[in-house]
Amino acid sequence: MITTTTDRPAQTDVRARHDAGADSPATQLLLAMSALPADHPSRAAVRDRAIEAWLPLANHLARRYSGRGEPTGDLIQTAAVGLIKAIDKFDPSRGVDFAGYAIPTIVGELKRHFRDRTWDIRVPRRLQELRLAISDANGALSQSLGRSPTVADIAAHLKLTEEEVLEGLEGARAYNAVSLSTPVGDGERATELGDMLGGEDEELALAELRVALGPALATLDAREQKILTLRFYGNQTQSEIAEQVGVSQMHVSRLLARALAKLRTQLVDSY
């Protein structure tokens, strides 16, 4: 990360304009860096000095985008990244002055920052760009048609299918998320959006098991069914069941184990 100062904006503007000249120290550093081979031991140091010399231009552009919901420090860092990309790719032999080349590069980096960071929900970049294209098309078509454009109008304008436009409109909903505390309803009751959302139903996982349990119980004899009913529905102990059935507690234990084994086999086979 590159750390820079953000004060003295007026001096920054003067410095940026001064450094844009062909004979300025900042420009001479770029020329000196470009003249050195990529593996020259002095190239890295000259590159660092060139970056530092042109940072006022990056800071100036970053402050133009401040006040739009992103911290100024983050914008300055993003602009610095754009500046570094411009310095690394600049070719003086093409006859283009560096400021004219760097400004679009830095501004593009800032715009990408806003595009990538200001969505409440992360969506693919393709959908982000599609949202912007649909928004522009909507404004242009509203002027030319004198009405709100339809999905078909936008699709024809952008040379897309209607399904692609609908996908872009759906993705646009992720730009701003709605709080779960948002009031909903007719206003007579204090209901929030989060109260309207369903939760996981733990009983649903047992639904199929309950359906299969009926036929499985039918395979047991009457005494086994009674013992299971008294144990698991009546919540009786084995001693209490033994008194009702007329057998010993040990025999109840064996009958219970055998009945459960039968049920387990039936349920496994049914799945």
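Here is what the cut-offs are and how they apply
Residue numbers restart at each chain and count upward from 1, following the sequence in its written direction. Per-residue local features are limited, in this predicted model, to residues with pLDDT of at least 70; the limit for side-chain atom pairs, both in listing and counting, is 80 or more; totals at the level of whole chains, interfaces and linings are taken over all residues. The side-chain figures draw on all heavy atoms in the structure; neither hydrogens nor water molecules are used. For helices the rule is a DSSP run of H or I covering at least 4 residues; for strands it is a run of E covering at least 2, with both sets numbered from the N terminus onward. Buried means the residue's accessible area, taken with a 1.4 Å probe over protein chains only, is under 20% of the maximum for its type, while exposed means over 50%, and partly exposed covers the values in between. Any two residues having at least one pair of non-hydrogen atoms within 4.5 Å are treated as being in contact. Here the open area of atoms and residues is found with the Shrake-Rupley method and a 1.4 Å probe, where only the protein chains shown may cover a residue. Think of each axis as a best-fit line through the C-alpha atoms, taken over the contacting stretch in the case of a helix, with angles from 0 to 180 degrees between the N-to-C directions. Each angle receives one of four descriptions, namely roughly parallel if under 35 degrees, roughly antiparallel if over 145, roughly perpendicular if within 65 to 115, and oblique otherwise. By convention the crossing between two helices is left-handed if the near helix lies anticlockwise of the far one by an angle smaller than a right angle, and right-handed if it lies clockwise. Under the scheme applied, nonpolar residues are Ala, Val, Leu, Ile, Met, Phe, Trp, Tyr, Cys and Pro; charged residues are Asp, Glu, Lys and Arg; polar residues are all the others, including Gly. Note on definitions: salt bridges are taken to be side-chain nitrogens of Lys or Arg within 4 Å of carboxyl oxygens of Asp or Glu. Residues form patches when they are more than 30% accessible in relative terms and have no salt bridge. Like charges link within 9 Å. Nonpolar side chains (Val, Leu, Ile, Met, Phe, Trp, Tyr) link within 5 Å. Under the pairing criterion, centres of Phe, Tyr and Trp rings, with the six-membered ring standing for Trp, must be within 6.5 Å; the plane angle then separates stacked pairs below 30 degrees from edge-to-face pairs above 60, leaving the rest tilted. Either the NZ atom of lysine or the CZ atom of arginine qualifies as a charge over a ring when it sits within 6 Å of the ring centre and within 35 degrees of the ring normal. Known as pLDDT, the predictor's per-residue confidence is scaled from 0 to 100. Take the buried residues of types Ala, Val, Leu, Ile, Met, Phe, Trp, Tyr and Cys, join any two whose side-chain atoms come within 4.5 Å, and each joined set is a nonpolar core. Think of a polar contact as two N or O atoms within 3.5 Å of one another; within protein, one of them needs to be a possible hydrogen donor and the other a possible acceptor, and neighboring residues in sequence only count if both atoms come from side chains.

Draft legend 1. Structural view of the overall build of the protein. Broken down by element type, the protein carries 12 helices and 2 strands. Reading the secondary structure of the protein in the N-to-C direction produces α-α-α-α-α-α-α-α-β-β-α-α-α-α. With 271 residues in all, the protein has 29% of them scored as buried. In the protein, the proportion of contacts linking residues at least 24 apart, taken out of those at least 6 apart, comes to 54%. Total accessible area computed for the protein in this model is approximately 17400 Å², and 53% of it derives from carbon and sulfur atoms.

Draft legend 2. Seen up close, the packing of helix H2 (residues 25-35) against helix H3 (residues 43-64). Their axes nearest at 9 Å, the elements H2 and H3 cross at an angle of 155°. Between H2 and H3, the interaxial angle falls into the category roughly antiparallel. For the pair H2 and H3, the crossing hand works out as left-handed. Here H2 contributes Ala-26, Thr-27, Leu-29, Leu-30, Ala-32, Met-33 and Ser-34 to the contact with H3, which in turn contributes Arg-43, Val-46, Arg-47, Arg-49, Ala-50, Ala-53 and Trp-54. Class assignment of the residues belonging to the contact of H2 with H3 gives a composition of 9 nonpolar, 2 polar and 3 charged.

Draft legend 3. Focus on the pattern of salt bridges. Here the structure, examined in full by the defined rule, presents 7 salt bridges. The shortest N-O distance in the salt bridge between Glu-224 and Arg-258 comes to 3.1 Å. Here Arg-258 lies in helix H12 (residues 249-270) and Glu-224 lies in helix H10 (residues 222-233), a separation of 34 residues in the sequence. Exposure remark for Glu-224: the relative accessible area of 1% places this residue in the buried category. Linking Glu-224 and Lys-262 is a salt bridge whose minimum nitrogen-to-oxygen distance equals 3.1 Å.

Draft legend 4. Region of the structure containing a nonpolar patch on the surface. A surface patch of nonpolar side chains, about 350 Å² in accessible area, is lined by Phe-232, Tyr-233 and Leu-260. Take Leu-260: its relative accessible area is 30%, and that puts it in the partly exposed class.

Draft legend 5. Main features of the packing of aromatic side chains. Applying the stated rule across the entire model yields 3 aromatic pairs. Ring geometry for Phe-90 against Phe-98: centres 5.1 Å apart, planes inclined by 80°, an arrangement best described as edge-to-face. One exposure class covers both Phe-90 and Phe-98, and it is buried. On the basis of relative accessibility, which here comes to 12%, the residue Phe-90 falls in the buried class. Members of the aromatic cluster, connected to one another through ring pairs, are Trp-54, Phe-90, Phe-98 and Tyr-101. Across from the ring centre of Phe-232, 5.8 Å away, lies the NZ or CZ of Arg-231, which sits over that ring.

Draft legend 6. Highlighting the environment of Phe-114. Here Phe-114 shows up in helix H5 (residues 98-117). A relative accessible area of 13% means that Phe-114 is categorised as buried. Sequence-wise, Phe-114 and Tyr-65 are 49 residues apart; in three dimensions their C-alpha atoms are separated by 9.5 Å.

Draft legend 7. Spatial organisation of the confidence of the model for the protein. This prediction gives the protein a mean pLDDT of 78; 73% of its residues lie at or above 70. Per-residue pLDDT, averaged within each element of the protein, yields its smallest value for helix H1 (residues 9-19) (40) and its largest for H3 (91). Contacts from residues 1-19, a stretch scored under 50 in pLDDT, to residues over four places away or in other chains number 29 contacts.

Draft legend 8. Up close: the nonpolar core. Ranked by size, the top nonpolar core spans 30 residues in total, and within it Leu-30, Trp-54, Leu-83, Ile-87, Phe-98, Ile-106 and Leu-110 carry the most contacts. Residue assignment for this core shows that the elements contributing at least two residues are H2, H3, helix H4 (72-89) and H5. No other element matches the 10 residues that H3 contributes to this core. What Phe-98 contacts, discounting residues up to four positions off in sequence, is Leu-30, Trp-54, Leu-83, Ala-86, Ile-87 and Phe-90. In this structure, Ala-216, Leu-228, Ala-259 and Leu-267 belong to the second largest nonpolar core, which totals 14 residues.

Draft legend 9. Just the environment of Lys-85, in detail. Topologically, Lys-85 is positioned in helix H4. Separated by 24 residues in the primary sequence, Lys-85 and Glu-109 place their C-alpha atoms 9.5 Å from one another. With residues near it in sequence (within four places) discarded, Lys-85 still touches Thr-105 and Glu-109. Polar side-chain contacts of Lys-85 include one of 3.1 Å to the side chain of Glu-109.

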